[in-house]
Amino acid sequence: NLNTSSKQSTADEIKRLRESCESAGFFYLQVQDDVLVELLPRVFNLSKQFFALPTDTKRNFSDHILNRGFTGMQEETLDPEHQSKGDTKEGYYLAEDFPDSDPRYDPDKLSGPNVYPKDLPVKDLDCDLWRTTMMEYHGKMKQISFQLIQMLALALDLSQVLG
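Keep in mind the model is a prediction, meaning the values are calculated, not measured.

Caption draft 1: Molecular detail of the sheet that holds strand 4 (residues 68-71). Taken together, three strands build an open sheet; the order of strands is 3-4-5 and the sheet is antiparallel. Unpaired on one side and paired on the other, strand 3 (62-63) and strand 5 (91-93) mark the two borders of the sheet.

Caption draft 2: Representation of the pattern of salt bridges. Under the counting rule described, the total for this entry stands at 13 salt bridges. For D12, the salt bridge identified is with R16, shortest N-O distance 3.1 Å. Separated by four residues within a single helix, D12 and R16 lie in helix 1 (residues 11-23), roughly one turn from each other. According to the relative accessible area criterion, D12 is partly exposed, its value standing at 43%. A single salt-bridge network, built from bridges that share partners, covers R18, E22 and D157.

Caption draft 3: Just the environment of D126, in detail. Within the secondary structure layout, D126 lies in the loop between strand 5 and helix 4 (127-155). We classify D126 as partly exposed; its relative accessible area is 29%. Along the primary structure D126 and Q49 are separated by 77 residues, whereas in three dimensions their C-alpha atoms are 9.2 Å apart. Of note is the side chain of D126, whose polar atom sits 3.3 Å from the backbone nitrogen of D128. Here the side chain of D126 touches L129 through a polar contact of 3.1 Å, landing on its backbone nitrogen.

Caption draft 4: View of helix 1. For helix 1, spanning 13 residues, the distance from its first C-alpha to its last is 18 Å, which sits close to the expected 18 Å at 1.5 Å a residue. Every buried residue belonging to helix 1 is among E13, I14 and L17, and all of these are buried. Relative to the axis of helix 1, the buried residues are bounded by an arc of 100 degrees and lie together on one face. The outward face of helix 1, more than 90 degrees from its buried face, is lined by the exposed residues A11, E22 and S23. In this structure, the buried residues of helix 1 make contact with helix 4. Phi turns positive, to about 90 degrees, at G25, one or two residues after helix 1.

Caption draft 5: Just the environment of F61, in detail. By the secondary structure assignment, F61 is in the loop between helix 3 (55-58) and strand 3. According to the relative accessible area criterion, F61 is buried, its value standing at 5%. Separated by 78 residues in sequence, F61 and G139 place their C-alpha atoms 21 Å apart. Those residues in contact with F61 that sit more than four places away from it in its chain are F50, R68, G69, F70, Y92, V115, Y116, P117, K118 and L120.

Caption draft 6: Up close: the packing of helix 1 against helix 4. Remark: helix 1 packs on helix 4, axes separated minimally by 9 Å, with the N-to-C direction vectors making an angle of 80 degrees. When the interaxial angle is binned, helix 1 and helix 4 end up roughly perpendicular. Between helix 1 and helix 4, the contacting residues are E13, I14, L17, R18 and C21 on the first element and M151, L152, L154 and A155 on the second. Partitioning the contact of helix 1 with helix 4 into residue classes produces seven nonpolar, no polar and two charged.

Calculation criteria
- Residues numbered from 1 in each chain as written.
- Predicted model: local features only at pLDDT ≥ 70, side-chain atom pairs only at ≥ 80, totals over all residues.
- Heavy atoms only, no water.
- Pairing = 2+ DSSP bridges.
- Helix = DSSP H or I, 4+ residues; strand = E, 2+ residues; numbered from the N terminus.
- Salt bridge = Lys/Arg side-chain N within 4 Å of Asp/Glu carboxyl O.
- Buried < 20%, exposed > 50% of the residue type's maximum accessible area, 1.4 Å probe, protein only.
- Polar contact = N/O pair within 3.5 Å; in protein donor to acceptor, adjacent residues only side chain to side chain.
- Expected span 1.5 Å × (residues − 1).
- Arc of directions from axis to C-beta.
- Contact = heavy atoms within 4.5 Å.
- Axes fitted to C-alpha atoms, helices over the stretch in contact; angles between N-to-C directions.
- Parallel < 35°, antiparallel > 145°, perpendicular 65-115°, else oblique.
- Nonpolar A, V, L, I, M, F, W, Y, C, P; charged D, E, K, R; others polar.

Structure, rendered in structure tokens:
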């Protein structure tokens, strides 16, 4: 159970996390976050609108150098040992958004600008709303990920790493 409004996990939560990893090898993470409760329906709705666009339109929003933006059906093969064709899914990749002029820009490390839908009729997709919503979601997932990493570090008695 991860409550994003809490600054620190309880000793019981840390103990249960460690026990789950040691005994079952996995855990179910229940996230309690008021912002996420409001945000997820918007993410799903805007995702549905984007993926309903024609494939040729979606392909305009892809950067194969930085591995950002749209990926189409069968463009990825996540299990090449057992697959003769690519995956039957579409996807959209976002990351920290750095402009080309930022010192952190480094295509070798996949660090740079995101690709966002743009120049579409609002009736098809509100591109500004899509961008702000997806980046808000990205930020929230980043926050949750960092909290989970801190919990795992504590479960492994690596508190010195946390500073």
